[in-house]
Amino acid sequence: MSTLIANKRLPAEVTNHQALERIRAVVAGGGSSNMRNLGVPRPLVVSAARGCHITDVEGAELIDLNMGYGPHIFGYNDQDVLGRIAAQMQRAHMTGLPSDLDAHAAELIGTLVRSMEQVRFANSGTEAVASTLRLARATTGRNHVVTFEGHYHGWSETIIRKVAPELGPREVRPGAPGMIPEALRYTLQVPWNDAEALEELLNRTGRTVAAVILEPVLANDGVSAPADGFLKRVRELTTRHGALLIFDEVISGFRVAAGGAQARYGVSPDLTVVSKVLGGGFPVAAFGGSRQMMAPLARNEALHAGVYAGNHLAMSAVTASLEKILANPSLYESLEQIGQHVEQRLRDGAARSSTDVTIERVGSIVGFGLLEDGLGQPGEAGRPRPRFAMQAHRDLQMRCQDRGVYFHPNPREPWFLSTAHTRPILDKAIDVIVDELRNKRPAGTAR
Ligand SMILES: Cc1ncc(COP(=O)(O)O)c(C=O)c1O
């Protein structure tokens, strides 16, 4: 046990391990997401979260670099957002009827993300993506959807990503037992940042393609920025072939710029999906586009529904989060600066420890992972998927967790920096990581 966290430990009544076992007995797999359950080599059961720290059930306080997979741009427990949600909770939280918050939330989205003139709200990214694809199919009368390798658009049957690169070059096959075998029949896939592959596919199947969907900043397979000019090229190709362009900005929306990746890279999609930062940690998502693009929903010709979709609490979370973003014009510049600082310190540390790592960053999204061997340059056309040294990365993660620094055990999951991550806190975290990169001792070994 390190001195870093030992001092902060309260008398332990229950260990993380015991707490997780209790959960596992009644929650299948120990958590309500297969993806999250897969990523837990060392139990960590939370009792509180504040700023950029989480406290576990043993009373240890850890610096969190994953931050709940990205929603908390102002840190955990942000009083500006939470206070508004709490006040709304007392007023009206879920009536199934409209309130003026619906208009206010949607107007704020449209102010920040210009292409989202009209929206619909949903409860999760998966739901919003599924409805967006349905809308694209209804609009075009076509069935195929093109995705990119490594991109994640939720767990719904027709879009779940190819689970392993070995499965085949271009077609996505059913990802898991229990899925309808034909569900992915209309989902095609090409390598990320490979405009030629997309062009070739669209030339072959263009008239059947309803939409091309992508994460404009890939953040589910490590982090990978779009290659120079790539998004513009995709825009041209989709327009030429009459397919809609969908930006899945569940992660990048309000994260890489106030207007999301489309503002950062100057490319406007037909439809956009946002979530995560949108609600500051409250479960809410939205999808939208021009009024014309959303007209089939308004006319009841395409279906999107949900009892909780657009509930008053979710709308207050959206208005509180987006108002705070609008009130902080220097937000993205300061996130860029701490991002640069982290990147530089990590690069220096990795070089000194002679460890083969990948460090890729867009603003406050940082991809960091130990590599099996070298990887193509970030943004390179047809970027090869990174070959992460999964076990070595997990070992490093566990040693850091033992010393009070949490990042995700899966190197494909990025770090999400927030305004709560001050330089001294980040320096402390990176000192631990760099130290552990150099001293490759087994996890759990006393220092
Ligand atoms: C880019 C992207 N799209 C869609 C989703 C699915 O969102 P949810 O898990 O809220 O259903 C995620 C989840 O992380 C995501 O990162």
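Residues numbered from 1 in each chain as written. Predicted model: local features only at pLDDT ≥ 70, side-chain atom pairs only at ≥ 80, totals over all residues.

Regarding the site of the ligand
If you check the shell around the ligand, you find 14 residues, and the closest are Ser124, Gly125, Thr126, Gly154 and Val250. Top contributing element to the shell around the ligand by residue count: helix 6 (residues 125-140), with three residues. Each residue belonging to the shell around the ligand can be placed in one class, and the counts come to five nonpolar, seven polar and two charged. (Near = placed C-beta within 6 Å. Helix = DSSP H or I, 4+ residues; strand = E, 2+ residues; numbered from the N terminus. Nonpolar A, V, L, I, M, F, W, Y, C, P; charged D, E, K, R; others polar.)

Focus: the nonpolar core
One finds Ile109, Ala211, Val212, Ala285, Ala286, Ala317 and Val405 to be the most contacted residues of the largest nonpolar core, which totals 119 residues. The leading source of residues in this core is helix 11 (residues 312-326), at eight residues. Aside from chain neighbours lying at most four places away, what touches Ala285 is Ala122, Asn123, Ser124, Gly125, Glu127, Ala128, Val250, Val273, Val274, Ser275 and Leu278. (Core = buried A, V, L, I, M, F, W, Y, C linked by C-beta atoms within 7 Å. Buried ≥ 20, exposed ≤ 12 C-beta atoms within 10 Å, placed from the backbone. Contact = placed C-beta atoms within 7 Å.)

Comments concerning the confidence of the model for the protein chain
Averaged over the protein chain, the pLDDT score is 91; the fraction of residues at 70 or greater is 89%. Within the protein chain, helix 1 (residues 3-6) has the poorest average pLDDT of any element, 46, and strand 9 (residues 271-274) the best, 99. Note on residues 1-7: pLDDT is under 50 here. Beyond four places in sequence and across chains, it has twelve contacts. Within the model, pLDDT remains below 50 along residues 163-169, and this stretch shows five contacts once partners closer than five positions in the same chain are excluded. (pLDDT = per-residue confidence, 0-100.)

Some details on the pairing of strand 11 (residues 357-362)
Burial runs high along strand 11: five of the six residues are buried. The pairing of strand 11 with strand 12 (residues 365-370) spans six bridges and is classified as antiparallel. Following the sheet pairing, Thr358 is matched in strand 12 by Gly369. (Pairing = 2+ DSSP bridges.)

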